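Below are the chains, spelled out letter by letter.
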Amino acid sequence: MIGAKREGRTGLIATGLCWIILCGVGVLVDDWLLAQVAIYLCYGIFAMGLSLIWGQAGILSFGQAIFFGAGAYGFAVATLDMLPGTGTGILTGLVFAVGLATVLAWALAWLTFAGRGLSGAHFAIVTLCAAAVVEIAVTRSGFLGGYNGLFGVAPFTWGGEMIAERPMYYIMLGVAFAVFLGVTAIVRSPYGTVLEAIRDDENRVAHLGYETRRLKTVAFVIAGALSGLSGALFAAQFGFVSPSLLGFALSTQVLIWVAVGGRAVPLAAMVGALVVSGAENTLSNTLGDLWLLVIGVIFVVVVIAAKNGLFGTLFRLPPPKRLRKT
Amino acid sequence: MELFLDTLNYFSLLMLVVLGLVVIFGLMNVINMAHGEFLLVGAYTVVGITGAGYSFWLALALAPVAGAVVGLLVEALVVRRIYHRFLDTILATWGVSLILKQGVILVFGPTAQSVANPLPGVMNVFGVDYPRMRLLIMAVAILLTLVLYIAMFRSNLGLRLRAVIANRDMASALGLNTRRMDMASFGLGAALAGFAGAIISPVMSVDPQMGAGFLIPSFLSILIGGVNSLIGPLFGVAAISGSSNLIAGWLSQADTQIIVFLMAMVVIRFFPEGILKRRQK
Amino acid sequence: MTGRKQNLTRRRFFELGGATAVASLAAPVVAQQAEPIRIGVLQPFTGGLEALGQQGANGAELAFLDANDAGGVDGRMFELIRADTATDPKTAVERANDLIRRQKVAAIIGPVTSANRDAMRPTIERGKTPLLYATDYEGGVCSRYISCYSALPDHWVVPIVAHAVKNLGDSFYLVGSDYVWPREMNAAFIAECDKTGGKVVGEEYTPWGAKDYTATLRKIRDSGAKTVVISIAGADAITFVKQFAATGMKKTTQVVFFGFSENYLAGLSDEESEGIIAPTNFTSSLTSPEAEHLKERVRARFGADAIVSNTVDAHWSLARMYIEGVRRAGGDDREAVTDAMVDQTLMSGNGEVYLRPGDRHVDLNVLIAQAQGGRLEVIEELGRIAATDQCT
Amino acid sequence: MLEIRQLAAGYPGGGRVLDGLDLSVPEGAFVAVLGRNGMGKTTLMRAICGLLRASEGTIGLGGEDITGLASYARAQRGIGYVPQGREIFGDFTVAENLTIGRIAKPGLSPAVPRHLLELFPILAERSRQRAGSLSGGQQQQLAIARALAGEPRLLLLDEPAEGIQPSIVQEIAQKLREIVDTTGLTVLMAEQNLAMVDGWADSLAFVDHGAIAESGVAAAGIRQDQSRLSKYLSI
C-alpha cells in the first residue's frame, strides 16, 4: 500500500514536471520547432480523446480519424465561407467543427451501441469500415475538394494579424492543458470508475443496474468532440484539409501513439503522440524505409509486453480520495 | 451466365482469402489483421521462385509452406503471448502487418512485380469465353473450400478443431492439447493465405499494398456470416461478392464499394451474431 | 535491384558522413569555405508511391551531384536533404516546414501528388521558397513560388484524342481512379472528343485498392467501345491491365493509358503490356543523343538496372533549370532565383523545353508511345506543345 | 489418488474463493463435496481440472504434482470432468460428443467402447441426433459418458443433479455407483442435492468459506443429520 502511494506521488511529480517542461519549451526552442510541437499538441488532444474511450472504457475504435477529419473539414468549410450564413469567423468555425464531430460521434454511437449493441471486434471492424466509407465518400465529393482536399484555410488571427508561433504555441498548450484537466477529471470521477468497470466486464456492470449503453455513448461522444476540436485546431494551423485526415491511416496512427504512450493515462497518451510524431519526424529521414519497420516492432513489443505503454506508469496519478484504502 | 461467372470469380477470390481467416478467427478468436500480409508472403514467393527461373506451379506448391513458416513464427513470437487479450491481438497483428509489409519493401522494393500468367487465353464455358486462369482460380477455390469443409465435418481432426471452436475450455478439460491446436490452426490459416496469395498473383498487381484491399471485405464477410460459425462466412462471402457485382453492373465501382460497405455495416449492426445464427434461434 | 542497393548505400553515406563530407568528396579542392546551397528533396519514400519517389529523387540528385562534380555554381556546392512525404499530405506539410524553417533550404524539389502539393502550397508561399514540381497533373497551379515541369491535359489529351480517333477507332470508355487528376483528364478528354467527333460511351471511377474489375470489364465490352482509356493510378492499374488482358478483349479493344511508364512495365508481362498506347514526354527507348546522355548518366550513378523514366527526366531537367537560375542570379537568394530561372530553354532528355515566365509551366515535347515487347517504343513525335496559360 | 494441500484460488477481480483447502481422496473412493452456493465447490472442481490456476498450494494426482499443468495435460493424466451445466457440444451429434471424449486423449482408438454404450443405452439409440436436442437428463448422461470415454482414473462431477427430474437423478447416481464398484474409478462430486449423495457416495466432505470444514463423514443417513445440514447447507 505504501508502495502504491509512493508511485502515485511520483506520478504527480512527473505530471507536474511534464507540464512545466512543456511551458519551458515555449521559451527555449526556436520558432519552427515550436510550430511543430504546436501541431503535435493537436495530436496530443486527439490522443487524449482516444485514451478516454479506449484506455478507460475499453472501446477499441479504428475510426477515430472520422471525427478528427470532421472537425478539420467542418472548420475549413465554415471559415472558407462555403456554407450560407456562417460567415468566416474563427469562433463560428470552431463551434461548427466541434458540433459536427459531436453529432457524427453520437450518430455512430447510436448506430453501434443501441439495442444489444456491438462491442470488441465487431465494433473495431465496423468503425474501421466506417472510416473507409467516409474516406471514399469525401474523396468523391466535389464540394469538399475531392482527393486533393480544400486549402487556404484561414489561420488564427488577432486584430487582423496572424498569430505568431510563440503565442500560438501557448494557446495550444493552454487548450491541451484544459483538455488534460477535463479528461483527467472524468477519469477520476465516479463516472470514470464505472467506465473502467465496463472495460473489465460490461455485463457485470449492466447487471448492477447501470445503463452501460448510455454511459459508453457519453464517453464516445466526448472523445469524438475532442477529436473534432483537435481536427479544427489542426486545420487552422496547417491551412489545408484532405481525405487523408479522416481515413484509416490516421485512425491507426493515433492508436499507435496512444498504445506506445500508455492508453489508460491521458497524459501518457498525449506524450505518446508528441514523442512518436517527434521521433517520426527526426528518424524517418535518417532511417528511411527502416523507420516503419522500427515503429512496427516497437508497437508490437509495447502491445505484448507493456500494457501501460512507455509512460503509463510514470504519469499514473494517485487514485482519487474516495477509492483510497487507508 | 456471364454475370454468374463474374460473381463466382469475385466470390472465389474472396473465399480463398477468407478461408484462412476463418480458421484462425474461429479457433483462436484472434482477428488477424496481418492476414493480407500473409497473402504477400505467398505472392512474393511466386515472384522469387519464378524470378529464379522455376515454374509457377512449383512456386504455387511452395507458397503455402512459406506462409505456414511465417504464420508459425508470428504465432510463437506474438500471438501466443496475448491470445487471451482479445483486443490486443487486433493491435499486435496489425503491427505485424506493418512489419511484414515493410520487410517486403526492403527485400523486393516498392514497385509492382510481374508474375506472368501461366494459363493465358480463354476457354468457352456455357457459351461464354472466359479467361482460363480465372476459371482455374474458381475451380481451386471451390475445391479447396469443399476439401476444407469435408475435413472439418467428416474427419477426427476436424472434430477436434470444431470442439475447440465450440468450447475451448471444455475441449481442453477433455484432454485436447489446445496449445498445439492453436499452432496448427495459425499455421494452417497462414498456409491457406500463402496459397491464396500465390494463386491470385497472376491476375493482379503484386506489390506491397496488395493485401490491404482485401482487409475490409474479408472481415465484413466473416462478421456477416457470424464469427463462431464455419458455414457462416461462406454466406458472408457470397453476400459481399454478389452484391458488389450486381451493384457494379449499373453504378461506378467507387459508389458500389460505399454501398456494399454500408449495407454490410447495417447487417452486422442488426445481426451481430451473423445472419445464420439469428435464423437458427 | 542493384540500382536500388547502390542507392541505399549512397543514402546511408549521406547520413553518416554528413553533407560537408559529401561536398568535400565531390570536390576536394574547391571552396572549402563557400557555404553550400541546401536543396530539399521531398519525395514519397514510403506509403505507396515509393517507386515514383525514388525515381524523382534520382533525377533531382543526378542533376545536383553532376553540378557538384563540375565544381558547383561559382564554387558553391549543392547539399541535398532528403525528406519523406510518406505519400501523405499532412506529413508532406510537416516535412516542408522542417525543410524551410529548420534546414533553411533554398528550394524544394517534389512532391509527387497534387494532393500533397496543394497541401504544401500555403507553407511554400509563406516561406517564399521555390518549389520545383515535376509530375504530370491536372493543371491550374499559378503561384510565384511553384514551377511545374508537368504534362497537363493540353499536352496529353489533345494529341492522344487526335491520334486515337485517326488510328484506334472513335468510341471510348474512360476508366479512372477516383481522384481529381483522372476526373480532370477525362473531362478534358470528353471536351476534346466533342470537338473531333469521337464518342465517349462510358465513364467510370474505381476506388483505391480494388481487386476485381470483372464488372467494369463487362461494362466495357457491352458498351462496344473500341478503345478503353485508363487513368487509374498506381498498382491498381496493373491489376486492371492484367485482368483486361486475361479476358482476351485486347484483340478487339485498344488501350490508351495516361501516365503509363517504365514503372508499369515491370509489373506486367510483355504479353499483358503489349500494345498499350500512352502519351509521354520521355521513354527510355529514345535513341536521340540527349536521351542517350541522360540514360548514360543515370546508369553511371545508380547502376545499370536503374529505371530511366519520364519521372527521372522531369526531375532532372527541372533541377537543371533551377541550377541555371542560381547561375543567372549569382547566388541562392530565393527571390532572385525565382525571377531568374524562368524564361529559359534547356535540353531535356527529349529535346529542348522552355520554362515560361507567365505561369511558370514548361512547354514539353510530347511523344505517343506504345508498349512493344516489354519496351515503350515511340510511334509518333509531336514536338513541343505549349499548354494554355494556367493563370487564366 | 487425489491430494490437495493448502489450495488457494480465485477469479481476477473476484478475490479468493478457495483459501487453504486440504482434501484427499483415496483410490476407488466415491467422495461427495457438499456446501452452500458460493462456498467454492465449482471453483474447487475447476482448480482440480486446471481450468483455474491455483494461486497457492499443490494438487497431486496418483503421487504426481500436477499443480502447474495445463488442463489438457491433467486430462491426459487421467482426470475426467463433468462440468456444471454439462457443457456438451450442442451442435454436434451424440456420437461426435462421445468420439471427442476419446480422441482428445492421445493413444486411445476413436471407437467408443461397447460397454459404455451399454451403460447408457439411450445414447446409443440417439447417436445420430444433435446433442442439443436431448433432454436435460440425457444431456447429463452424455456429459458423463463423454468424460468416461476418455478412460479417466478420477472423475470430477460438478452438481450433476442440477435441473434434472428426481427419477433420473436416482438413475444417474445408481450408474455412477455401479461404475465405481465395477471399475474401481475414483469419483469426486460436488453436490447440493442429497438424493444424489445419500446411499450412493462413500463419504462426504463439507466445504465452507473456501476450505474443507469437515471430511470423512459417512454418506449414508446424511439426510437425518440435522446439525450438519443446518450448519453447512442451511437446511
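Bear in mind the structure is a predicted one, so any value in this text is a computation, not a measurement.

Moving on, we get to the environment of D:E214. Residue and element names in this part refer to chain D. Summarising the element assignment, E214 is placed in strand β10 (residues 211–218). By relative accessible area, E214 is classed as partly exposed at 21%. Once you skip the residues sitting within four places of it in the chain, E214 turns out to touch L204, A205, F206, R228 and Y232. There is a polar contact of 2.3 Å between the side chain of E214 and the side chain of R228.

The next point concerns the domain arrangement of chain C. Residue and element names in this part refer to chain C. Assigned domains within chain C: domain 1 (3–151 + 286–360) and domain 2 (153–280 + 369–385). Here the C-alpha centroids of domain 1 and domain 2 sit 30 Å apart. Between domain 1 and domain 2, a total of about 1200 Å² is buried, with carbon and sulfur atoms accounting for 57% of that surface. Broken down residue by residue, the surface that domain 1 buries against domain 2 is led by E138, A151 and N310, which jointly contribute 41%. Applying the counting criterion to the domain 1 and domain 2 interface returns zero salt bridges. For the pair domain 1 and domain 2, the number of links is three residue pairs in polar contact (both at pLDDT 80 or more). Looking at the side of domain 1 that touches domain 2, the elements that each hand over two or more residues are α2 (50–69) and β12 (351–355). Ranked by the residues each element gives to the side of domain 1 that touches domain 2, the list is headed by β12, at three residues. Tallied by class, the residues present in the side of domain 1 that touches domain 2 amount to eight nonpolar, six polar and three charged.

The next point concerns the interface of chain B and chain A. On the side of chain A, 41 residues touch chain B, which itself brings 41 residues to the contact. Carbon and sulfur atoms make up 80% of the area that chain B and chain A hide from each other, which totals about 3600 Å². Broken down residue by residue, the surface that chain B buries against chain A is led by B:L91, B:W94 and B:R269, which jointly contribute 19%. Linking chain B with chain A are two salt bridges, by the criterion used here. Across the pair B:D255 and A:R140 runs a salt bridge, and its minimum N-O distance is 2.6 Å. At the junction of chain B and chain A, the tally comes to five residue pairs in polar contact (both at pLDDT 80 or more). Per-element accounting of the side of chain B that touches chain A gives the leading share, 15 residues, to helix α4 (residues 86–108) of chain B. Considering only residue class, the side of chain B that touches chain A consists of 29 nonpolar, five polar and seven charged.

Residue and element names in this part refer to chain C. Across all of its chains, the model carries one disulfide over all chains by this definition. Residue pairing for C142: its cysteine sulfur links by disulfide to C391, the two sulfurs lying 1.9 Å apart. On the sign convention where negative is left-handed, the bridge of C142 and C391, at about 95 degrees about the S-S bond, is right-handed. You can see C142 sitting in the loop between β4 (131–133) and β5 (146–148) and its partner C391 sitting in the segment after β14 (375–385), a full 249 residues away along the chain. With a relative accessible area of 34%, C391 lands in the partly exposed category. Here C148 stays unpaired: no disulfide links it, and the sulfur of C391, its closest cysteine neighbor, is 9.7 Å away.

About the criteria used
Residues numbered from 1 in each chain as written. Chains lettered and ligands numbered in written order. Predicted model: local features only at pLDDT ≥ 70, side-chain atom pairs only at ≥ 80, totals over all residues. Heavy atoms only, no water. Helix = DSSP H or I, 4+ residues; strand = E, 2+ residues; numbered from the N terminus. Buried < 20%, exposed > 50% of the residue type's maximum accessible area, 1.4 Å probe, protein only. Contact = heavy atoms within 4.5 Å. Polar contact = N/O pair within 3.5 Å; in protein donor to acceptor, adjacent residues only side chain to side chain. Domains from an automatic or database assignment. Buried area = accessible area lost by both parts, 1.4 Å probe. Salt bridge = Lys/Arg side-chain N within 4 Å of Asp/Glu carboxyl O. Nonpolar A, V, L, I, M, F, W, Y, C, P; charged D, E, K, R; others polar. Disulfide = S-S within 2.5 Å.

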